[in-house]
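# Examining the three-dimensional arrangement
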Amino acid sequence: MQHAARVDPPRLEIRNLTRRYEGRVVVDDVSLAIPAGQVTCLLGPSGCGKSTTLRMIAGVDMQDEGTIHVDGALVCDTQFRIPPERRSIGLMFQDFALFPHLSVAANVAFGLSGPKRAQEDRVRGLLARVGLEGYLDAFPHELSGGEQQRVALARALAPQPRIMLMDEPFSGLDNRLRDGIRDETLELLKEEGTSVLLVTHEPEEAMRMADEIALMRDGRIVQQGAPYNVYNAPVDKAAVAFFSDINVIHGVVRGALTDTPFGQFLTPGHPDGARVDIVFRPQHVSIDFDRGGRGPSPTAQNGTPARGVVERARFMGSESLVEFRMDHDGEVLRATVPNVFMPAVGTPMWLSVRRNRCFVFPTGT
Ligand SMILES: Nc1ncnc2c1ncn2[C@@H]1O[C@H](COP(=O)(O)OP(=O)(O)O)[C@@H](O)[C@H]1O
Ligand SMILES: [Mg+2]
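Residues numbered from 1 in each chain as written. Chains lettered and ligands numbered in written order. Predicted model: local features only at pLDDT ≥ 70, side-chain atom pairs only at ≥ 80, totals over all residues.

As recorded by an unreviewed UniProt entry, the chain carries the name Putrescine transport ATP-binding protein and is attributed to Roseivivax marinus.

Now the structure itself:
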């Protein structure tokens, strides 16, 4: 007989969390489990309930239903409640201000207890780790935004929380600083082995930071998985659109196939007569020149090309975005091309769509 391997409970587990404000459900039956050392991003548009979820886990708001466990131990249900300061949870928010009247060292030491000497070592170690060893005696107003952010991170990590909750922590920083600080922060969190739940409305941030993304919409988690999977196997049209511009063509299924101006698509699993949306990203459109009114030949990979004329071309830095007005329906289709591609307005071109990069959803979902 085999012995079952002992499995550690998740570092943080929330089960069926629901929160209502004045009868309106803003967090709706949300469940999540985060193993030790993992970074999970709660990603969704503004107002979808991300911060409310975080506040319940932190213990500053209380759920109407559901439970919160840390390392398998109940932290909070609708009757029982461990106070926020005893949850071993660190917090970092965009506007989580440092104490202005305390030095950098005193800010970082704020949540520490125990022998003075050990506290000082921890503070020095963390400040060195974030590149601020020379700033022990400085005051917050003497620091740049990025430096303040590093102090806030050191302060949150000082008591060695088992879990770190971060609510849009980088949104106050300018773009140039942000990437560097994100990477440094992630590195430090990984070193400390802290489990992280990071809230953001920016897909790029989630893709950059997350081991796992939980995509949230209208109070619910609609999809959960590694960034690659959430991006490449989206559950619905809105999930595709949350990460990038999309193109949509409509069709009706006939015997597991759908005819479109871009040729036939295989649409298995959709019933005969069903209306479907075929959704694809601008980077998966191929562009070919017009040769005397003809385009390239159809291929299995790209189907049949359809003709459009350039309506607008914009250079975006690492890529160019070209909008076409399509001959067959007069609708606009967007294509992106790496580097510089700036065809003149009015140029006829042939577009085709990478079959294996299309997503098919029933219309209206
Ligand atoms: N204390 C509150 N009282 C009433 N409504 C609230 C309260 N806090 C948040 N809400 C509402 O709950 C919804 C979710 O808010 P929030 O969790 O802050 O969203 P997010 O962080 O995703 O932007 C919003 O519609 C917001 O207006
Ligand atoms: Mg919020």
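## What about the domain arrangement of the chain?
Splitting the chain by domain gives domain 1 (12–241) and domain 2 (245–362). If you average the C-alpha positions of domain 1 and of domain 2, the two centres end up 40 Å apart. Taken together, the 5 residues of domain 1 in the interface contact 5 residues of domain 2. Residues belonging to the side of domain 1 that touches domain 2 are distributed by class as follows: 3 nonpolar, no polar and 2 charged. (Domains from an automatic or database assignment. Contact = placed C-beta atoms within 7 Å. Nonpolar A, V, L, I, M, F, W, Y, C, P; charged D, E, K, R; others polar.)

## Describing the sheet that holds strand E2 (residues 24–34)
Read across the sheet, 4 strands follow the order E2-E1-E4-E5 without closing on themselves; strand pairing throughout is antiparallel. Only two strands of the sheet have a single partner each, and these edge strands are E2 and strand E5 (73–76). Direction aside, neighbouring strands of the sheet carry axes that sit 30° apart on average. Across the sheet, helix H1 (residues 50–58) lies against strand E1 (12–21), E2 and strand E4 (65–70), angled at about 120° from E1, the strand it touches most. (Pairing = 2+ DSSP bridges. Helix = DSSP H or I, 4+ residues; strand = E, 2+ residues; numbered from the N terminus. Axes fitted to C-alpha atoms, helices over the stretch in contact; angles between N-to-C directions.)

## As for the site of ligand 1
Close to ligand 1 lie Tyr21, Val26, Gly44, Ser46, Gly47, Cys48, Gly49, Lys50, Ser51 and Thr52. The biggest single contributor to the shell around ligand 1 is H1, with 3 residues. (Near = placed C-beta within 6 Å.)

## Structural notes on the sheet that holds strand E9 (residues 212–217)
If you walk across this open sheet you meet the 6 strands as E6-E7-E8-E3-E9-E10, and the pairing is mixed. The open sheet has two edge strands, strand E6 (89–93) and strand E10 (220–225), and neither has a second partner. With direction set aside, neighbouring strand axes in the sheet form an average angle of 15°. Bridge count between strand E7 (residues 163–167) and strand E8 (residues 195–200): 5 bridges; the pairing is parallel. Pairing of Leu165 across the sheet is with Leu197, part of E8.

## A word on the pairing of E10
Where E9 lies against E10, 5 bridges are found, and the strand directions are antiparallel. If you follow Ala214 over to E10, its bridge partner there is Gln224. Here E9 folds back onto E10, and the loop between the two strands holds 2 residues, one of which, Asp218, carries a positive phi near 45°.

## With respect to unusual backbone geometry
Positive phi is not limited to glycine here, since Asn16 has a value of about 55°. Of note, Ser88 is a non-glycine position whose phi angle comes to about 55°, a positive value. In this structure, Ser88 sits in the loop between E5 and E6.

## Considering the environment of Val240
Relative to the elements of secondary structure, Val240 occurs in helix H8 (residues 237–243). With 73 residues separating them in the primary sequence, Val240 and Ala313 have C-alpha atoms 23 Å apart. In this view, Val240 contacts Pro234, Ile246, Val279 and Phe359; residues no more than four positions away in its chain are not counted.

## A short note on the nonpolar core
By size, the foremost hydrophobic cluster in this structure holds 77 residues, and its most contacted members are Cys41, Val108, Ala154, Leu165 and Leu197. At 6 residues, helix H4 (residues 145–157) tops the list of elements feeding residues into this core. When residues of this core are assigned to domains, at least three map to each of domain 1 (12–241) and domain 2 (245–362). Contacts of Val108, omitting those with residues within four sequence positions, involve Val123, Leu126, Leu127, Val151, Ala154, Arg155 and Ala158. (Core = buried A, V, L, I, M, F, W, Y, C linked by C-beta atoms within 7 Å. Buried ≥ 20, exposed ≤ 12 C-beta atoms within 10 Å, placed from the backbone.)

## As for the pairing of E7
Counting buried positions along E7 yields 5 of 5 residues, so the element is predominantly enclosed. Residue alternation in E7 divides its side chains into two sets, Ile163, Leu165 and Asp167 and Met164 and Met166, and both sets are buried. Here E6 pairs with E7 via 5 bridges, running parallel. Following the sheet pairing, Gly90 is matched in E7 by Met164. Considered for its hand, the β-α-β crossover made up of E7, helix H5 (residues 175–192) and E8 is right-handed. (Right-handed = clockwise from strand over helix to strand, strands pointing away.)

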